Every structure is written in structure tokens, then in C-alpha cells.
Amino acid sequence: MDQPIRGDARLAPIVAGTEGPAALAPEHAPLSEIVDALAGGQLTASALAELYLARIEAYDRNGPALNSVRALNPDARAIAAELDDIKPSVGRPLAGVPILLKDNIATGDKQPTTAGSLALECARARDDATLVKLLRDAGAVILGKANLTEFANMLAVDMPSGYSSLGGQVKNPYAPALADEHGIPVVQPGGSSSGSAVAVAAGLCAASIGTETSGSLLFPASQTGLVTVKPTVGLISRAGILPLAHSQDTAGPMTRTVRDAALLLNVLAARDPLDPATRKQRRPVDFTAGLAADAIKGARIGVPSDPADPLNDCYYGKLPPDWVKVMTETIKVLEDLGAVIVRANMPTLGWIGGPGTTMAVLNRNPLSAHKGTIARPPVVFLYELKYDLNLYLRDWATGTDIKTISDVIAFNEANAGKALRFGQDHFLAADLTRGDLSEREYKSARAMDLLSAKTRGMDAYMNQHKLDVVLFAGATGAAIAAKAGYPSVMVPGGIVSGTTESKDTPDYPLGVAFAGRAWSEHKLLRLAYAFEQATHARKPAPGLNSPLAARP
């Protein structure tokens, strides 16, 4: 029998109550089952918190050293103890449930909110973000902050997903030991919410909250076999979230099942006077209502692919063979469940982008394979980055002298050896803007994004073919839905291997995404749930199992 790794003493089996299940397997257990166990007295909030803290020590700090948790909440144990005698209820549906937050979500407690930046290492927040208040009101235990791609992957060109100067590199739990000569994972953990995703996939928390501007929820969920909801902009308040670009920023849940994501949306989706985007919010009373195995019957699902027009077949035409296999099997399942599959390319004017929507930036990243070439990030991102970040630093950040994006740049330059491993070309470009969003080129770019992605893209496609949803492989459809402000739901679809550079890898997940119109989250969840129940495609990462349980 292998000797336990450091911190593994608490990982020994803990026998549950005789009336409850023999054990909980955190890498498998849905949030809904954890809530039921808490409500039924099979475990306490303290026992559950200790269980996850032990797994963080064993698998995140030691063992495969996944590095998904940037910092733990020093008050987590005390908060859990206060909830030991409180059972989940209608009023407090998450009582005792440990949740991790991406480290760009403000908490007004002892935890810093850093966006993974050395410049903000000591920065705290004047208050909880609105979504954090909602989680606390629901009884959640904020376990800590998850690592992320620094500044939501808008600091440097070609920065690896999951890397930050403060937190280091997050690893994908399906291939944690496979890295290139620079220590960069060959199998990426996903977009900037990679720490949030890896922590849930590895069973280090019951669920987590991430954020997305374009792909940062969907990509890591796909890469780690999770469910996520990238909501309509305005479904969840962004107040207190360290921003990238307000036109597309949103938060969303990272969970192991569709029902769990719906449960969290019930808590998180609320109007907020601090976020004007929530004023037009439309939501059901209960996102879990109508989750049924037959929900797909009769749904019209668009597959944006037409092999007869290969130059315009941008979403499916160049997929790797194993991705094609997963999507072929996915479509067959959907047809067997009664869906009407409509195969047609997305309009060219929708996916190709409008004129003046990108900005030329010289790539000086010393480790980039494309160093010295011209990168073309979105204009909207660069212009809104300076405006939004300066507002956050002014209105939310405390305990730091960093008050503007210029201050971040200056700090990084003064600490280049630690802070600028991959450069800061995006920040340098953003800082050249006025910072007040008054420029014509910004206004034009935002208008063109909406015209192409929304009007000429998703709306035209769904109207022409009378679609309920559009189906994408992994995060391939993230940009068009995000620019439109539209929702997507990612659900595990299958297993693939290898990379686009033809490197051999262990098997890892590929998700399938259901995208739709504004405020259609409930419909997307219902379809995703039916697909999930028909396939049970989620396969937990190997090597992270242990005979864990919890007792009162």
C-alpha cells in the first residue's frame, strides 16, 4: 500500500453516519448530492470543508501540484463551523457548501483580490462583489480564490492559459506532468478561469465561480470535463469583478452537472443597481424546473457546417479527426433524442468580423512562437480594459498604491524579472487609448461587433433556420456568442487526445456547447441536461481518487 503524501492523514476514510451513504467521492459528487447530505445530517459543513482542504493539500499543493487554488480563505474553517447547525433550506440553499472564487472576484474580507498580478499582491476590496454577497446569503462557505490567467488573459500576447505572475501555472488534471521546455502545459487547462475549472474537476471544492469575456468559462470547462453557463450579459451582476471589457464580461458557475449549474444560477441571477446591464434581466423562477430526459424532443438544433461550402465552414470544417468523431456521435445522440438537426454554415458576415474591430499590436513576448509578428486583439477589449480597470482600481481596490493601468505597467517594468515573463504588450497598447471611451474607432468597433456577431451572425442564422439553439464543438463558438452578449452552456461531450501541433497526449475531455439568444439560459440548460442524461460523458481525471467520506 502506498504511503500517503504530505497532508494525506486527513484523506483516510471517514465513515459516514449509518443512515447515510458510505462515502462521498468529491471528484464525482454533484453539488445537489452534497446539499442533500448536508440537509440530511450525513455530514457537517466543517467536515466537508476539512475534506476539501485536505484534497487541496494533497493534490494542489503536493502530488501532481495542480496549482489551481491561489490562496485559501483564512476564515473558511470558522465560517464552516458557524454553519454546522444550519441545514440547507429554501432561504439558504447552499448552507455549508464550499465554493471557490476566481481571483478577480472581490471579497471584502481578509483575502486579497489580485487578478493574479504581482502588482496587486496585497490589494483587497472595499466590499464583497454582488455575487459574493448572494453566495454568502445563501450560506456558501467561500473556501478561497482560484488561480487564473493574469488579468483574464489580457496582459500579454500568447500568454499561456492558467499562468499568472503571482500564482504560477495551473495544470490540467488529465495531463498534469506533460509540459514543454518552458514548463507550459501541453494539454492546456483552458482559458482564464482555468483554476476555477481545475479545482472542480479535481474535487477540491463543491463548485466554483469563474468569469468570461470570450471563452474563459467555456474553454476550461471543455478541457476539464465540466458544465458551465456563460450567461447573457446582465444575468449575473459584474459589480465588484475586476474587469476586462464590460461589453462582454460576465461571471458563471463551474460544476460537475447541469443541475448543479442551474442550482447556482438560482442564487446568482439577480438584478443589481450597481450593474445597469441587469436592468433588462429575464429569468425563470427556478432554473432547475423542467430539467427532463425528454427535453430535446422537437428542438431545432443548428450545426453550423456545410461541407459543400468548405471555405465558409469555419466551425466544423477544420476540426481534428477525434473532435469530428465526438461531434458526429453527439449529433447522433441528439437525433435519437428527437432533435431536428439543421446543417448550414453560419453567414460569412457573421463570423468573419466587421472592419475596424481588431487592433495591430507588436508581439514582444519572448517565449511566443510568433514573437516579432503582429497580433490583432479586439479593439473593444483594449479600449474598455483601460477604462474599466481604472474604475475598478479607483472604486473597489484598497490596500494598494496601484490606482491605474499605468501604475500596473510601471510596477511590472520595475519588477520585470518576476512580473514580465511573457511581456505586457496588451497593457501597453491599452494604455495608449484615452481611457474614456470617447474615440470614434472604439464606438465603431463595438457597433461592428454587434452588427456582425449578433445581427448578421447569430440572429440571422437562428431566424433563417428557425433554430432553438446552435451546437458548437468545445469553445469554437465562444467569440460569436460573446460579442453578441448571448449565452452558452457547455457540457461534457467525449474524450480526445493529441494537440493541434500533432503532439501525443493522454486522453482529456472535449465539451459540446449549446448557444442561444439572450436570456435563453433555461432552454439551453434543459437541452444540455437531456444530452447529459443520455450520454453521461464526464470521465473524472485519473489518479485523484481517494476513499473520502465525511461524517457529522
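Residues numbered from 1 in each chain as written. Predicted model: local features only at pLDDT ≥ 70, side-chain atom pairs only at ≥ 80, totals over all residues. Heavy atoms only, no water.

A. Broad picture of the overall build of the protein. Along the backbone of the protein there are 16 helices and 17 strands. Relative to its length of 552 residues, the protein is compact, with a C-alpha radius of gyration of 22 Å against a globular reference of 24 Å. When the backbone C-alpha atoms are referred to their principal axes, the protein occupies close to 65 × 60 × 50 Å. Buried positions account for 60% of the 552 residues belonging to the protein. Considering only contacts in the protein between residues 6 or more positions apart, those separated by 24 or more positions represent 76%. Carbon and sulfur atoms make up 54% of the accessible area of the protein, which totals about 20700 Å². Here the protein contributes 54 positively and 56 negatively charged side chains, and the mean placements of these two sets differ by 4 Å. (Helix = DSSP H or I, 4+ residues; strand = E, 2+ residues; numbered from the N terminus. Rg over C-alpha atoms; globule rule 2.2 N^0.38 Å. Buried < 20%, exposed > 50% of the residue type's maximum accessible area, 1.4 Å probe, protein only. Contact = heavy atoms within 4.5 Å. Areas by Shrake-Rupley, 256 points an atom, 1.4 Å probe, with all protein chains shown as cover. Lys, Arg positive; Asp, Glu negative; His and termini not counted. Charge placed at Lys NZ, Arg CZ, Asp CG, Glu CD.)

B. Structural context of the sheet that holds strand S2 (residues 98-102). Read across the open sheet, the 11 strands follow the order S1-S4-S2-S7-S9-S8-S16-S17-S15-S10-S11; overall the sheet is mixed. In this open sheet, the two strands that pair with only one neighbour each are strand S1 (69-72) and strand S11 (340-343). Direction aside, the axes of adjacent strands within the sheet are offset by 30° on average. Sheet topology places S2 next to strand S4 (residues 141-146); five bridges connect them, and they run parallel. In the strand pairing of S4, Leu101 is matched with Lys145. Contacts between helix H5 (residues 194-201) and the sheet are confined to S2, S4, strand S7 (207-212) and strand S9 (250-255), with S7 contributing the most and set at about 155° to the helix. Taken strand by strand, helix H7 (residues 258-268) contacts S7, strand S8 (227-230), S9 and strand S16 (488-496), and its axis lies near 140° from that of S9. (Pairing = 2+ DSSP bridges. Axes fitted to C-alpha atoms, helices over the stretch in contact; angles between N-to-C directions.)

C. Layout of helix H10 (residues 379-395). With 17 residues, H10 extends 24 Å between its outermost C-alpha atoms, agreeing within 8% with the 24 Å of an ideal straight helix rising 1.5 Å per residue. At Leu385, H10 shows its largest kink, close to 30°. Buried residues dominate H10, accounting for 13 of its 17 residues. (Expected span 1.5 Å × (residues − 1). Bend = angle between axes of the 7 residues up to and from the residue.)

D. Highlighting the packing of helix H4 (residues 130-137) against H7. Contact geometry of H4 with H7 gives a least axis separation of 9 Å together with a crossing angle of 110°. In this view, H4 runs roughly perpendicular relative to H7, as classed from their interaxial angle. Note on element contacts: H7 touches H4 through Leu264, Val267 and Leu268, opposite Leu131, Leu134 and Leu135. Among the residues making up the contact of H4 with H7, the classes are represented as six nonpolar, no polar and no charged. (Parallel < 35°, antiparallel > 145°, perpendicular 65-115°, else oblique. Nonpolar A, V, L, I, M, F, W, Y, C, P; charged D, E, K, R; others polar.)

E. Local environment of the confidence of the model for the protein. When the pLDDT values of the protein are averaged, the result is 93; 94% of them are 70 or greater. Predicted confidence for residues 1-22 stays below pLDDT 50, and this span has 37 contacts to residues more than four positions away or in other chains. For residues 547-552, every residue scores under 50 in pLDDT, and the model assigns this stretch 34 contacts once sequence neighbours within four places are set aside. (pLDDT = per-residue confidence, 0-100.)

F. Fine view of the pattern of salt bridges. Scanning the entire structure with this criterion turns up 17 salt bridges. Of the charged contacts in the structure, one is a salt bridge between Glu329 and Lys325, with a shortest N-O distance of 2.7 Å. Taken together, the positions of Glu329 and Lys325, both in helix H8 (residues 321-336) and four residues apart, correspond to about one turn of that helix. Classification of Glu329 as partly exposed rests on a relative accessible area of 41%. Among the charged side chains, a network of salt bridges with common partners joins Arg70, Asp103 and Lys145. (Salt bridge = Lys/Arg side-chain N within 4 Å of Asp/Glu carboxyl O.)

G. Representation of the side chain of Asp425. Among the structural elements, Asp425 can be located in helix H13 (residues 425-431). Overall, the relative accessible area of 5% leaves Asp425 in the buried class. Within polar-contact distance, the side chain of Asp425 engages the backbone nitrogen of Arg364 at 2.6 Å. Setting aside its immediate chain neighbours within four residues, Asp425 contacts Leu155, Ala156, Val157, Val361, Leu362, Asn363, Arg364 and Asn365. (Polar contact = N/O pair within 3.5 Å; in protein donor to acceptor, adjacent residues only side chain to side chain.)

H. Region of interest: the packing of aromatic side chains. Counted according to the given criterion, the structure contains five aromatic pairs. Aromatic pair Tyr163 and Phe422: ring centres 4.9 Å apart, planes at 75°, arrangement edge-to-face. Of this pair, Tyr163 sits in strand S5 (residues 163-164) while Phe422 sits in the loop between helix H12 (416-419) and H13, placing them 259 residues apart in sequence. Just as Tyr163 is buried, Phe422 falls in that class too. In this structure, Arg126 is placed above the aromatic ring of Trp396, and the distance from its NZ or CZ to the ring centre is 4.2 Å. When the ring centre of Tyr163 is taken as reference, the NZ or CZ atom of Arg421 above it lies at 5.6 Å. (Phe/Tyr/Trp six-rings, centres within 6.5 Å; stacked < 30°, edge-to-face > 60°. Lys NZ or Arg CZ within 6 Å of the ring centre and 35° of its normal.)

I. How the structure looks around the environment of Ala119. Tracing the sequence through the fold places Ala119 in the loop between S2 and strand S3 (124-125). Accessibility expressed as a relative area gives 8% for Ala119, which makes it buried. C-alpha separation for the pair Ala119 and Pro253, spaced 134 residues apart in sequence, amounts to 27 Å. With sequence-adjacent residues up to four places away left out, Ala119 is seen in contact with Thr400, Ile402, Val408, Phe411 and Asn412.

J. Looking closely at the pairing of strand S10 (residues 300-303). Judged from the four bridges that link them, S10 and S11 form a sheet pairing that is parallel. What sits directly across from Gly302, in S11, is Val342. Handedness of the β-α-β unit built from S10, H8 and S11 comes out right-handed. Sheet analysis places S10 next to strand S15 (residues 469-473), joined by two bridges and oriented parallel. Paired with Ile301 across the bridge in S15 is Val469. (Right-handed = clockwise from strand over helix to strand, strands pointing away.)

K. Representation of the packing of H7 against helix H16 (residues 521-535) in the model. Two numbers describe how H7 lies on H16: the axes approach to 9 Å, and their chain directions differ by 155°. Classified by the angle their axes make, H7 and H16 are roughly antiparallel. Pair H7 / H16 crosses with left-handed handedness. In contact with Val258, Arg259, Ala261, Ala262 and Leu265 of H7, H16 contributes Glu521, Leu525, Ala528, Tyr529 and Glu532. (Left-handed = near helix turned anticlockwise from the far one by under 90°.)

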